[in-house]
Amino acid sequence: MIMKKLMTILLLCAGATKMSAFCGFYVAKADASLFNTSSQVILARNGQRSTITMWSDFKGDVKDFAMVVPVPVVLKKTDIKVVEHTLFEMLDAYSGPRMAEYYDNNPCQNYDLESVSDMAYPSSMARGAGMQEESKSAKKEVVKIEARYSVGEYDILILSSKESVGLADWLTENGYKIPSGANEVLEPYIKSNMKFFVVKVNTDELKKRGTSAIRPIQISFNSPKFMLPIRLGMANANGKQDMIVYALSKTGRVETTNYRTLKMPTDNLVPEFVADVFGKFYHDLYRKNMKREGGNNVYLEYAWDVSMNAYIKCDPCSGTPPEIAEMMTAGVDWLDFDYHYNTYNGSVFLTRLHVTYDRENFPQDLMFQETPNKENYQARYVITHPAQGPFDCSEGKNYLSSVYKRRVEELQELSRLTGWDVSNYADYAYTINGFKIPMESKSTSTKNTKNDTTGFISKPNNQIGLPNNGTITSENPTKEAVFNPIYLDDDNKGGNNSADGSKGTDAYYIVALGAMLLLLFMLISSRRKRESV
Amino acid sequence: MITTQIKSELQHSSSLINKATDKFTSDPRHYQITFLLIFLLFGITNLGWEVEQFKFIVTFITCLSTQAVFTYFTNKDFNSLKSALISSLSLCLMFKTNEMGTIFLAGFLSIASKFMFRINGKHIFNPTNFGIIITILLSGKAWISPGQWGSNGLLLLFIGLLGLTVLLRVKRLDTAFAFFITFVGLSFIRNVVYQGWPIDFFFHQFTSGTLLLFTFFMITDPVSTPSHKIARIVWSVLIGVVAFYMQHILFVNGAPIWALFILSPLTILFDKLFSANQFKWK
């Protein structure tokens, strides 16, 4: 049910569209109904220094916007910045899962027709407007205001507290609506000596800027902890939340140390029509993959050296690679510039992680480590356009038959990846740019066939070797049919999260059984040995 | 006539099985090799680990050949190749790198440390531990991935159970428990009692397969732990304390592995202070 809701609320995936919520929680000042559904974070790490840039698509009235993020130190004013959201849009478009397309050569013609292009998906953001500012004095004895800043359109307080109840009370008294159960969530952070970075929107400042959109906020601090606090964000969340993390590091990939970091499937060959619905395709692929691997993992969507050292920054590029100025805005401060030659030393590695978290599966905040792993990776899906006809030579006939085979495999792959029922798309395999494929070699095609003008035999009105044996109900699949795919299993229909990682569980039982047998065997053999002695 | 023939055949085959099982159970290293192999296969089939055949092959060849060369020039006891096999499996399970040279270095250092840092027949460092740490420090191109095991309780229960059977055989249960109880106990006091994290937060950090592998298969290596029982317990408790400090105060990833590396040389001191019969692989 939650999944269904999520699917309708956000078309998250790849170039993700509607994002909202940071790693902190929102505290509503009115009874505004707020959804903490997803967020984007840029993490730049240089030694012990972390720069965290947070952005969400806050859907409510900005005067209700508030955020609480635990931070390890009292931040100075220079540690807090506001950056433009284009930074996120650029990173998102550049590092998102991509589709590559290839073109076949016509075997009956001599010219070459080959190219690679890419599909970037739109990334749109919409925000509400509104203005209000408010602040009251703290109860000095329990909550201490360590610092108070005004940065851009934000009013910022750094609070420290000795006890969670006091902090929760203070926030309530100052007009913030605290999610129930916030006490318990705040407590461990207070005991860990963390400070609280509390943000509100200064509506007058926002008015001066002549815009209604709030910008991403960035904080920098030194701490051995390389982590993102997600637990506060779960305090008032309904169900699962999505977060995209763009990690920029000196040496190589960033991975989580307390959860598995898994690669998304990549380089899969999928049918041409997937290009029209790439967002939906990736969304369903992500959900199905998550279902298979279990709900408590972090998924790798992109990993690449984005500095001058790397000549190729992606293949294909779904967006422009980040410029040096943009990386510096995001917190990359470790490059050595040589202004004379207009160059620099040092490298920047970008890792894009996607995590869907909830309280049950993510009991701990996300802890990261930077590894020396420089291996490039991208979540990439490939479509292949067949050659244009005519295919009247003998190679042409073989070519069409090979395209048929390829397309059947593409459909099977699509079904495997997304759980879509592809039996409606039989026509995709049989008709190639208006040409029917030759069917002599197919055993199922002996009946109901007729010769057409191209000299090939058209498709049978019967099933083809597609994964499920559903009959063909539509000969010409429409886009609508793709947009509302029929699912073969429950994975993407929503609901039933409890079955997460079902495959894993089966395997565990097999291993458990094996181990039991082994133990039994050892017990018997050692007893027998003792007897013989 | 025929029945006696069948009987003798049966007896013969059952005695063969008996011989095989006796051979298997005669050396705890056989269990260790089997279990580590199970973990590796499980990781590849179920935890989404990449199959890095080439890396695995390089690891095995390096470890085994280094062991063979050193053994040839020392005691010529080629039974010790089993230990090299354990080291290679441990490296495959814990050690990550993308470079063949680094794997070679780790394999070589692991095995060579046994022969180079040796006092009275005991290793100063745990071989795999030494190999991993020194290679990470020297090359800067290697790392360990504590997150690779996920957090499925059942799997970890079995790592523990299987580890336990090995420990019973090598009589190092005290070491594992002293370390584990100290480390988990201190973490419990800090995280749950003092900081007030919920209990699933606490359990989550002990579901790292790396920690359990460390507890049941690394710290308990009989040739690099103190020989006297009391010394062993004190030594493991110390490792637990240092690991706790590194993990929770200094935020070091894979803290226990670093703690063992730092405290390993104390084994020699403990062996001087407390005399006891040395462990010998059978």
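Before reading further, recall that the structure is shown in the block above.
Cut-offs used in this document
Residues numbered from 1 in each chain as written. Chains lettered and ligands numbered in written order. Predicted model: local features only at pLDDT ≥ 70, side-chain atom pairs only at ≥ 80, totals over all residues. Heavy atoms only, no water. Helix = DSSP H or I, 4+ residues; strand = E, 2+ residues; numbered from the N terminus. Buried < 20%, exposed > 50% of the residue type's maximum accessible area, 1.4 Å probe, protein only. Contact = heavy atoms within 4.5 Å. Areas by Shrake-Rupley, 256 points an atom, 1.4 Å probe, with all protein chains shown as cover. Pairing = 2+ DSSP bridges. Axes fitted to C-alpha atoms, helices over the stretch in contact; angles between N-to-C directions. Parallel < 35°, antiparallel > 145°, perpendicular 65-115°, else oblique. Left-handed = near helix turned anticlockwise from the far one by under 90°. Nonpolar A, V, L, I, M, F, W, Y, C, P; charged D, E, K, R; others polar. Expected span 1.5 Å × (residues − 1). Phe/Tyr/Trp six-rings, centres within 6.5 Å; stacked < 30°, edge-to-face > 60°. Lys NZ or Arg CZ within 6 Å of the ring centre and 35° of its normal. Buried area = accessible area lost by both parts, 1.4 Å probe. Salt bridge = Lys/Arg side-chain N within 4 Å of Asp/Glu carboxyl O.

Caption draft 1: Up close: the overall build of chain B. Looking only at helices and strands, one finds 13 helices and four strands in chain B. By the burial criterion, 54% of the 282 residues in chain B qualify as buried. Sequence-distant contacts, at least 24 apart, represent 77% of the contacts inside chain B between residues at least 6 apart. Total accessible area computed for chain B in this model is approximately 12500 Å², and 70% of it derives from carbon and sulfur atoms.

Caption draft 2: Structural detail: the pairing of strand β8 (residues 143–151) of chain A. Residues and elements named next belong to chain A. As defined by bridge partners, β8 adjoins strand β9 (residues 154–161) across eight bridges and the pair is classed as antiparallel. If you follow I145 over to β9, its bridge partner there is L159. Linking β8 to β9, which pair antiparallel, is a turn of two residues; within it G152 sits at a positive phi near 55°.

Caption draft 3: The arrangement of the packing of helix α2 (residues 28–46) of chain B against helix α4 (residues 81–94) of chain B in detail. Residue and element names in this part refer to chain B. For the pair α2 and α4, interaxial distance at closest approach is 10 Å and the crossing angle is 20°. The pairing of α2 with α4 is recorded here as roughly parallel in orientation. The two elements α2 and α4 meet at a crossing, and its hand is left-handed. In this structure, α2 uses R29, H30, Q32, I33, L36, L37, F39 and L40 to contact α4, whose residues at the interface are K82, S83, L85, I86, L89, S90, C92 and L93. Among the residues making up the contact of α2 with α4, the classes are represented as ten nonpolar, four polar and two charged.

Caption draft 4: Inspection of helix α3 (residues 53–73) of chain B at higher detail. Residues and elements named next belong to chain B. For α3, spanning 21 residues, the distance from its first C-alpha to its last is 30 Å, which sits close to the expected 30 Å at 1.5 Å a residue. Among all positions in α3, only K55, F56, V58, T59, T62, C63, T66, Q67 and T71 are buried. Taken together, the buried residues of α3 touch α2, α4, β1 (95–97) and α5 (100–116).

Caption draft 5: Representation of unusual backbone geometry within the structure. Positive phi outside glycine occurs at N193(A), with the angle close to 70°. By the element assignment, N193(A) lies in the loop between α4 (182–191) and β10 (195–201). Despite not being glycine, F251(B) shows a phi value in the positive range, around 55°. Here F251(B) lies in the loop between α11 (229–248) and α12 (255–263). Using a relative accessible area of 27% as the deciding quantity, one classes F251(B) as partly exposed.

Caption draft 6: A look at the pairing of strand β21 (residues 366–370) of chain A. Residues and elements named next belong to chain A. Direction of pairing for strand β12 (residues 227–228) relative to β21: antiparallel, over a ladder of two bridges. Bridge pairing links L228 to L366 in β21. The sheet contact formed by strand β14 (residues 254–256) and β21 spans three bridges and is antiparallel. By the bridge assignment, V254 is partnered in β21 with E370.

Caption draft 7: Inspection of the sheet that holds β12(A) at higher detail. The sheet built from three strands is open, its strands ordered β12-β21-β14 (chain A) with antiparallel pairing. Taken across any chain shown, the strands that pair with only one partner, and hence form the sheet edges, are β12 and β14 of chain A.

Caption draft 8: Inspection of the packing of aromatic side chains at higher detail. Scanning the model with the defined rule gives 36 aromatic pairs over all chains in all. Ring plane angle 40° and centroid distance 6.4 Å describe the contact between Y282(A) and Y286(A), whose orientation is recorded as tilted. Of this pair, Y282(A) and Y286(A) both sit in helix α6 (residues 278–293), four residues apart, which is roughly one turn of the helix. Residues Y282(A) and Y286(A) agree in their burial class; the two are buried. An aromatic cluster of at least three residues, connected via ring pairs, comprises F278(A), F281(A), Y282(A), Y286(A), Y299(A), Y381(A) and W420(A). Its end group placed over the ring of W49(B), K96(B) keeps NZ or CZ at 5.6 Å from the ring centre.

Caption draft 9: Focus on the interface of chain B and chain A. Contacts between chain B and chain A engage 48 residues on the former and 42 residues on the latter. Together chain B and chain A conceal approximately 3900 Å² of surface at their shared face, both sides included; 62% is due to carbon and sulfur atoms. Three residues, W197(B), H204(B) and F251(B), lead the burial of chain B against chain A; their summed loss comes to 15% of the area buried on that side. Here chain B is connected to chain A by two salt bridges.

Caption draft 10: Just the pattern of salt bridges, in detail. Residues and elements named next belong to chain A. Applying the stated criterion across every chain yields a total of 26 salt bridges over all chains. Here K280 makes a salt bridge to D284, at a shortest N to O gap of 3.5 Å. Of this pair, K280 and D284 are both found in helix α6, four residues apart, which corresponds to roughly one turn of the helix. Grouping residues by exposure puts K280 and D284 together as buried. Here R416 and E413 are joined by a salt bridge, their closest N and O atoms 3.2 Å apart. In this pair, R416 and E413 are both assigned in helix α8 (residues 394–418), three residues apart and thus about one turn of the helix distant. The exposure class assigned to R416 is partly exposed, which follows from its relative accessible area of 42%. One network of salt bridges, with partners in common, ties together E84, E153, R209 and R215.

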